[in-house]
Structure formats: C-alpha cells, structure tokens
Amino acid sequence: DVKVTQSSRYLVKRTGEKVFLECVQDMDHENMFWYRQDPGLGLRLIYFSYDVKMKEKGDIPEGYSVSREKKERFSLILESASTNQTSMYLCASTQKGGGGGANYGYTFGSGTRLTVV
Amino acid sequence: GENVEQHPSTLSVQEGDSAVIKCTYSDSASNYFPWYKQELGKRPQLIIDIRSNVGEKKDQRIAVTLNKTAKHFSLHITETQPEDSAVYFCAASSSGSARQLTFGSGTQLTVLP
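Residues numbered from 1 in each chain as written. Chains lettered and ligands numbered in written order. Predicted model: local features only at pLDDT ≥ 70, side-chain atom pairs only at ≥ 80, totals over all residues. Heavy atoms only, no water.

*Asks:* Where do I start with the pairing of strand E9 (residues 86-93) of chain B in this structure?
*Replies:* The side chains of a regular strand alternate between both faces of the sheet. Residue and element names in this part refer to chain B. In terms of burial, E9 is a largely internal element, seven of the eight residues being buried. Bridge analysis of strand E4 (residues 32-38) against E9 gives five bridges, and the strand direction is antiparallel. If you follow Tyr36 over to E9, its bridge partner there is Phe89. Relative to strand E11 (residues 107-112), E9 is paired through three bridges, and the arrangement is antiparallel. Directly across from Val87, in E11, lies its bridge partner Gln108. As defined by bridge partners, E9 adjoins strand E10 (residues 101-103) across three bridges and the pair is classed as antiparallel. By the bridge assignment, Ala92 is partnered in E10 with Thr102. (Buried < 20%, exposed > 50% of the residue type's maximum accessible area, 1.4 Å probe, protein only. Helix = DSSP H or I, 4+ residues; strand = E, 2+ residues; numbered from the N terminus. Pairing = 2+ DSSP bridges.)

*Asks:* Is there a simple way to think about the sheet that holds strand E7 (residues 62-67) of chain B in this case?
*Replies:* Whether parallel or antiparallel, the strands of a sheet pair through hydrogen bonds between backbone atoms. Residues and elements named next belong to chain B. With antiparallel pairing, the five strands of this open sheet are ordered in space as E1-E3-E8-E7-E6. Each having just a single partner strand, strand E1 (4-7) and strand E6 (56-59) make up the two edges of the open sheet. Neighbour-to-neighbour, the strand axes of the sheet open up by a mean angle of 15°, direction not taken into account. Strand direction decides the pairing type here: E7 and strand E8 (residues 72-77), joined by six bridges, are antiparallel. In the strand pairing of E8, Thr65 is matched with Ser74. (Axes fitted to C-alpha atoms, helices over the stretch in contact; angles between N-to-C directions.)

This is how it looks when you write it as structure tokens:
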C-alpha cells in the first residue's frame, strides 16, 4: 500500500561526497516536494516541482539541487555533502490544486535519515 | 513568504482530558490548513484539514477551528488516549504554483495513562 517510496531509509556519507536521494510516487501526482526535518524546526521546504522538468526553490535550497525527468520520480542532490546537512529528509507528493473538492493533502514517504561524517 | 508559528512545543495531558494546539500564520492569502500526526519513526499522516471558507471542522474526537481575521487556527483533541501520543504539525498553504505547505515547528503530545 506504499505510495511514496524513498530509496534509502538510512544513509551515511562522507563530507564532500555527492549524494542522491530518490523518491518515487505511484499516484500520478503532479506536485512533489522535498523537506528536511530537524528537532524543534519542524519540516522545512528545500525544493518542489509542479511538473516534469519544472522546479522551484523552497525556503532552504542552499547546498541542494533537484531533478525531475519523469513525473513519478523526484531526486534530491547534495552537490558536496556537509555535516550541517545531517538530517531526516522527507519526500511528499500531492495532486495538482484546482477548484473546490480537490484533495490537497500530502502523502509522505518514510523518510531518509542522512548522516554526513 | 508564509511563516507558521506553533505552540506549545510540548504538551502532557492525562488520559481522557482534552488537548489544544495553536498555530498562527502570516500570509493572509493562505487558504488551506492541514494537521499532520507523526508517530515515532513513522511518516507524517494527515489527520484533519480545513479550508479558509470554513470556520470549524470536526471528525470524531478531533476538531480544527480557524479564525481568518486573527490568522490563527487550532487543533482540539477530546477524550485523549495513549495512542494519541505523537508529534503534531500544523501547516498553511497559499495559492502558489504547487500549493506548497509551510509547517509549524511541531508539538510533542504525551498522553499519560
């Protein structure tokens, strides 16, 4: 019944490595999001995408990039991992907003806990 | 951009008592306000939501109220049970291109048996 799948549950990477976090959804959702979750800070939006090849910066995009080549897949890339990027990363998706009755609720993945050493 | 503040950060209640979590938002254009529950080690799950044309919504023991004028909304849980123990997040969504959500910082609710 899993609808949003994140490729790794736990990752340990070294400082300076290039890191790829993958997210796949099977609900044909247009919108996909990457958040990071840190204690006391809630969920903060890194990047989002509302269509294939479209991407927009969220609140904390520095040090990250994204790729959306197919509708079902949204990748988060850490170009050069740093220790301050140690965090829980959550992917989410939702259908395109529209008129009344549209379901805007997010479906989250299980998260990837990334540790950068 | 939108800013959502959530209080309290921790809340302990006796089983059977009520719990209230409050959030304020800054962007008057925000029009959708969901609440998510995250149990330990699990993904956040939507538990209830409200749109800006509604003042209150109820689903069994859970209710959400919205005051657009004051730009605040609240989650009310009645007759709390130990399984209500979790972190609760409020969020607000504007009419942006992807209706992206801005989340509050979370409330750790503990229901004491």
